[in-house]
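Spelled out from the first residue to the last, the chains are:
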Amino acid sequence: MSFSSLPLCPEIQKAVAEMGYEQPTPIQMQAIPQVLAGHDLLASAQTGTGKTAGFTLPILQYLQDNPRKGGGRPVRALILSPTRELAAQIGENVREYSRHLRTRSLVVFGGVSINPQMMKLRGGVDILIATPGRLLDLEHQNAVDLSKVEILVLDEADRMLDMGFIHDIRRVIKKLPVKRQNLLFSATFSNGIKSLANTILNNPVTVEVSPRNSASQQVTQFVHLVDKKRKAELLAHLIGRDNWEQVLIFTRTKHGANRLAEFLNDSGIKAAAIHGNKSQGARTRALADFKSGAIRALVATDIAARGLDIEQLPYVVNYELPNVAEDYVHRIGRTGRAEATGLALSLVCVDEHDLLRDIEKLLKKQIERMAEPGYDPDPSIKAEPIQKAKQGRGGNSRSGGGRQGGQGRSAEGRGNSGGGDKRPPRPRQHKPRSGNSDSGSPWGNRGK
Ligand code: AMP
């Protein structure tokens, strides 16, 4: 199936072709006709499946087919996003897909001055992409009229619930007309999502492109058991030895992200941290530097990393496992996006064995173990409770208490459980950015 078989106008077809898209992804194939037919949608799609175009393209087509009536330029499509980064990413995509149309879009989120956003809203906007908190602030100040919204999109709805946005979402919905089209996208379907869907969606069509709670098939996953205090050293060793060019690293806390970025910089690996305590400017700069290759390692907390779209990201490292198993799926969804393959490596210390077990239960499989010689965990080290991440809203570490990990249990599963001295293969289809010829090592440029 090609894009030309979808009922999208030449301007949208042209923009999509300029993006280099050859054919619609499965979520696009399923969602676009349903949205165009005016149905509410309940869509389950893992990260990187092309879901943004899945809802944006039919919205643009709808706005083309149904010119606005009456005066002014009220918001006609509202897209809610849990994080600033995801909102910015969606905004960028909407701009690209609508480049040959006269549609106006705007992104609004907190952490930056509200006045320019108010000014732009005054000029009239067709598609508004917003985080819930800032949208309500703007609404309270009468800077945005939501009474003419025709299509509502809740993107990454599961994350919005995790971040405690449910009340904000309900407040926003009260400001919308009762008659509207609703599209809900979520990577996972918890009971909370089901009940949100029941109250918001009207006779929805369900679209599911991947098994629930499954990890991307394109990602090769490995676990390396290692002592907590040696994780940073092991990571720097692997990045340096195998010349990993672009690696996204997850930590559980903002403080941990800062400390690790500092350690990597001290080890000669250019790194930056990205989390909710950083200013929006610093976060945008770090992301741009990471994308351009000016820095090699981006260290992020879960929520800051949500919505990052870095094409063909080859390496994701879980420096610390997430407290909630579903976050593992989100994290490794950062790699192997679209058609590329990726590697996801988790560095797991004795405190995290329970978290690992939860993840493997969710995935319904054991993640392959690897072991770098010299980094076997010390069996005499006992598990300790895992430090709780501070709760935060709108870009901080996730809310929901940290769990206690294997307290009092003795160390177990040390060394090469299952995998021996296994090295993950180098991911396919990722072109090195600089003259970095392959040495033939299965991991990369060993010894360079
Ligand atoms: P998303 O899941 O919307 O964040 O999209 C993930 C990545 O896939 C983005 O880099 C998109 O530009 C890209 N993408 C979306 N649709 C297609 C398509 N039909 N063909 C190729 N790449 C796509």
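A. Geometry of the overall build of the protein. Scanning the protein from N- to C-terminus turns up 15 helices and 14 strands. Excluding contacts between residues fewer than 6 apart, the proportion of contacts in the protein whose partners are at least 24 apart in sequence is 76%.

B. Expanded view of the sheet that holds strand β1 (residues 41-44). Strand order in this open sheet of 7 strands is β3-β4-β2-β5-β6-β1-β7, and the pairing throughout is parallel. Only two strands of the sheet have a single neighbouring strand rather than two, namely β3 (105-108) and β7 (205-208). Along the sheet, successive strands turn relative to each other by an average axial angle of 15°, direction set aside. The sheet contact formed by β3 and strand β4 (residues 127-130) spans 4 bridges and is parallel. Paired with Leu-106 across the strands is Leu-128, a residue of β4. Against the sheet, helix α6 (residues 132-140) engages β2 (77-80), β3 and β4, with an angle of about 105° to β3.

C. How the structure looks around the pairing of strand β11 (residues 297-300). Going residue by residue along β11, you find Ala-297 and Val-299 tucked away on one face and Leu-298 and Ala-300 tucked away on the opposite face as well. Across 4 bridges, the pairing between strand β9 (residues 247-250) and β11 is parallel. Bridge assignment links Leu-248 to a residue of β11, and that residue is Leu-298. Strand direction decides the pairing type here: strand β10 (residues 271-274) and β11, joined by 4 bridges, are parallel. Paired with Ala-272 across the bridge in β11 is Leu-298. Following the chain from β10 across helix α12 (residues 280-292) to the adjacent parallel β11, one finds a crossover that is right-handed.

D. Spotlight on helix α1 (residues 10-18). Among the residues making up α1, those that are buried are Ile-12, Ala-15 and Val-16. Down the axis, α1 shows its buried residues gathered within 100° of arc, on one side only. Those residues of α1 that are exposed and angled more than 90 degrees off the buried face are Pro-10, Ala-17 and Glu-18. With its phi angle positive at about 90°, Gly-20 sits one or two positions after the end of α1.

E. Representation of unusual backbone geometry. For Glu-156, which is not a glycine, the phi torsion comes out positive at approximately 50°. With respect to the helices and strands, the residue Glu-156 is situated in the loop between β5 (151-154) and α7 (157-162). Positive phi is not limited to glycine here, since Lys-364 has a value of about 60°. As for its position among the elements, Lys-364 is in the loop between α15 (353-363) and β14 (368-370).

F. Focus on the sheet that holds strand β12 (residues 315-318). On the basis of which strands lie adjacent, the open sheet formed by 7 strands has the order β10-β11-β9-β12-β13-β8-β14 and parallel pairing. Either end of the sheet is taken by a strand with one partner, and the two such strands are β10 and β14. Each strand axis lies, on average, 25° off the axis of its neighbour in the sheet, ignoring direction. The strands that helix α10 (residues 231-241) touches are β8 (219-225), β9, β11, β12 and β13 (342-348); relative to β13, the one it contacts most, it runs at about 155°.

G. Main features of the environment of Val-317. Its place among the elements puts Val-317 in strand β12. Given 27 C-beta atoms within 10 Å, Val-317 falls into the buried group. If sequence neighbours within four positions are ignored, Val-317 has contacts with Leu-235, Val-247, Ile-249, Leu-345 and Leu-347.

H. Molecular detail of the packing of helix α14 (residues 325-332) against α15. Where α14 meets α15, the closest approach of the two axes is 8 Å, and the angle between their N-to-C directions is 70°. With respect to α15, the element α14 is oriented roughly perpendicular. In this structure, α14 uses Ala-325, Glu-326 and Tyr-328 to contact α15, whose residues at the interface are Asp-358, Ile-359 and Leu-362. Partitioning the contact of α14 with α15 into residue classes produces 4 nonpolar, no polar and 2 charged.

I. Seen up close, the confidence of the model for the protein. In this model, the protein carries a mean pLDDT of 82, and residues with pLDDT of at least 70 account for 80%. Overall, residues 390-422 carries pLDDT values under 50, and its contacts beyond four positions in sequence, including any with other chains, amount to 95 contacts. For residues 428-448, every residue scores under 50 in pLDDT, and the model assigns this stretch 36 contacts once sequence neighbours within four places are set aside.

J. Examining the environment of Met-160 more closely. Its location among the elements puts Met-160 in helix α7. The sequence separation of Met-160 and Pro-132 amounts to 28 residues, and the corresponding C-alpha distance is 8.9 Å. Excluding its chain neighbours within four sequence positions, the residues that come into contact with Met-160 are Leu-80, Pro-82, Leu-154, Phe-165 and Ile-169.

K. Local environment of the packing of helix α2 (residues 26-36) against helix α3 (residues 51-65). Interhelical geometry of α2 versus α3 gives an angle of 30° and a closest axis separation of 8 Å. The angle between α2 and α3 places the two elements in the roughly parallel class. When the axes of α2 and α3 are compared, the crossing they make is right-handed. Counted together, Ile-27, Gln-28, Ala-31, Ile-32, Val-35 and Leu-36 of α2 and Lys-51, Ala-53, Gly-54, Phe-55, Leu-57, Pro-58, Gln-61 and Tyr-62 of α3 form the full contact between these two elements.

Rules used in this analysis
Residues numbered from 1 in each chain as written. Predicted model: local features only at pLDDT ≥ 70, side-chain atom pairs only at ≥ 80, totals over all residues. Helix = DSSP H or I, 4+ residues; strand = E, 2+ residues; numbered from the N terminus. Contact = placed C-beta atoms within 7 Å. Pairing = 2+ DSSP bridges. Axes fitted to C-alpha atoms, helices over the stretch in contact; angles between N-to-C directions. Buried ≥ 20, exposed ≤ 12 C-beta atoms within 10 Å, placed from the backbone. Right-handed = clockwise from strand over helix to strand, strands pointing away. Arc of directions from axis to C-beta. Parallel < 35°, antiparallel > 145°, perpendicular 65-115°, else oblique. Nonpolar A, V, L, I, M, F, W, Y, C, P; charged D, E, K, R; others polar. pLDDT = per-residue confidence, 0-100. Left-handed = near helix turned anticlockwise from the far one by under 90°.

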